[in-house]
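Single-letter residue listing:
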Amino acid sequence: TLKDPFFGLVFWDRMYKTAYLAFLLVLTPICHGQQIGCGGLNGFSDFDFWVGEWEVFDSATGEKLGEDIIQKIESGCLLLEHWKSVSGGTGTSLNYYNPVTREWRQVWVSEGRYSIDIVGGIRSGSMVLEGSIYNFAGAVWDFRGNWTPRPDGSVRQFFEQFNHDSNDWATWFDRRYVRKDPG
């Protein structure tokens, strides 16, 4: 009966659960109804020229510095980089396009105890990202990187770090990416 205290608790417990379930059924399609994948969306293919398996050389000397693998993952929404130098050093970056800010972002972390966080986009045919490099001991410097696709299919990667003592930009490295032979 309605006067039974146990019936009242059971009744309200069932009403609460029913209301909660109805709320989830309405909300779930809104939260999970997003389309999957970023292929074909503006901006997400801007960095595709860098996707692949590469041998990496010093631009000035031609010396091989290492190998880099850049993969397009998460249905085309993210680029994942795996770097390995000839001496065995490694580093990894996540690169993604934010359609709200209309910027690309790279977050790099290296076993060498530093990280890079840079943002930007395509300028004059190059991917240009700017931000900071962080030494895990506590130092922070302004930092910028340029990736430029070349007519021969290679990519030039040119990074600079701001020197606060000289108040000038200094070359951090200048590399040439050459696609690995698929055979």
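Structure's up top.
Note that the coordinates shown come from a computational prediction; the quantities given were computed from them, not determined experimentally.

Draft legend 1. Highlighting the pairing of strand β7 (residues 126-135). In terms of strand pairing, strand β6 (residues 114-123) meets β7 through 10 bridges, oriented antiparallel. Bridge pairing in β7 links R123 to S126. Linking two consecutive strands that pair antiparallel, namely β6 and β7, is a turn of 2 residues; a positive phi of about 50° is found at S124 within it. Bridging between β7 and strand β8 (residues 140-149) involves 8 bridges; their strand directions are antiparallel. The residue bridging M127 from the neighbouring strand is W147, located in β8. Hairpin geometry of β7 and β8 is characterised by an intervening segment of 4 residues between the two adjacent antiparallel strands and by a positive phi of about 125° at G138.

Draft legend 2. Structural detail: the packing of aromatic side chains. Tallied over the entire structure, the rule returns 17 aromatic pairs. Residue placement shows R144 over the ring face of W169; its charged tip is 3.8 Å from the ring centre. The ring of W83 carries R175 above its face, with NZ or CZ at 4.7 Å from the centroid.

Draft legend 3. A look at the environment of Q157. Tracing the backbone shows Q157 in strand β9 (residues 155-163). Residue classification places Q157 among the buried positions, given a relative accessible area of 3%. Residues Q157 and W147 lie 10 residues apart in sequence; the distance between their C-alpha atoms is 4.6 Å.

Draft legend 4. Spotlight on the nonpolar core. Counting residues in hydrophobic clusters, the biggest one holds 24 residues, and the most contacted among them are F47, W50 and W147. Within the residue set of this core, elements represented by two or more residues are β1 (52-58), β3 (78-85), β5 (103-110), β6, β7, β8, β9 and β10 (168-179). Tallying contributions element by element places β7 first for this core, with 3 residues. Those residues in contact with W147, other than ones at most four positions away along the chain, are F47, F49, W50, Q106, I118, S126, M127, L129, V155, R156, Q157 and F159.

Draft legend 5. Structural detail: the state of the cysteines. Summed over the entire model, instances satisfying the criterion amount to 1 disulfide. Residue C38 pairs covalently with C77 via a disulfide, S to S 1.9 Å. The sign of the 90° torsion about the S-S bond sets the C38-C77 disulfide as right-handed. With C38 in the loop between α1 (5-32) and β1 and C77 in the loop between β2 (64-73) and β3, the pair connects residues that are 39 residues apart, well separated along the chain. Residue classification places C38 among the buried positions, given a relative accessible area of 8%.

Draft legend 6. Representation of the pattern of salt bridges. This structure, assessed with the given rule, holds 9 salt bridges. Two residues, E130 and R123, come together in a salt bridge whose shortest N-O distance is 3.3 Å. In this structure, D174 engages R156 in a salt bridge whose closest nitrogen and oxygen atoms are separated by 2.8 Å. Remark: R156 occurs in strand β9 and D174 occurs in strand β10; sequence separation between them is 18 residues. Overall, the relative accessible area of 31% leaves R156 in the partly exposed class. In the salt-bridge network here, residues are joined through shared partners; they are E55, K64, E67 and K180.

Draft legend 7. Highlighting the sheet that holds β7. Spatially, the 10 strands close up into a barrel ordered β1-β2-β3-β4-β5-β6-β7-β8-β9-β10, and their pairing is antiparallel. With direction set aside, neighbouring strand axes in the sheet form an average angle of 25°.

Draft legend 8. Region of interest: the pairing of β6. Direction of pairing for β5 relative to β6: antiparallel, over a ladder of 7 bridges. Within β6, the position partnered with W104 by the bridge is G120. Adjacent in sequence and paired antiparallel, β5 and β6 are bridged by 3 residues, among which R113 carries a positive phi angle near 65°.

Rules and cut-offs
Residues numbered from 1 in each chain as written. Predicted model: local features only at pLDDT ≥ 70, side-chain atom pairs only at ≥ 80, totals over all residues. Heavy atoms only, no water. Pairing = 2+ DSSP bridges. Helix = DSSP H or I, 4+ residues; strand = E, 2+ residues; numbered from the N terminus. Phe/Tyr/Trp six-rings, centres within 6.5 Å; stacked < 30°, edge-to-face > 60°. Lys NZ or Arg CZ within 6 Å of the ring centre and 35° of its normal. Buried < 20%, exposed > 50% of the residue type's maximum accessible area, 1.4 Å probe, protein only. Core = buried A, V, L, I, M, F, W, Y, C linked by side-chain atoms within 4.5 Å. Contact = heavy atoms within 4.5 Å. Disulfide = S-S within 2.5 Å. Salt bridge = Lys/Arg side-chain N within 4 Å of Asp/Glu carboxyl O. Axes fitted to C-alpha atoms, helices over the stretch in contact; angles between N-to-C directions.

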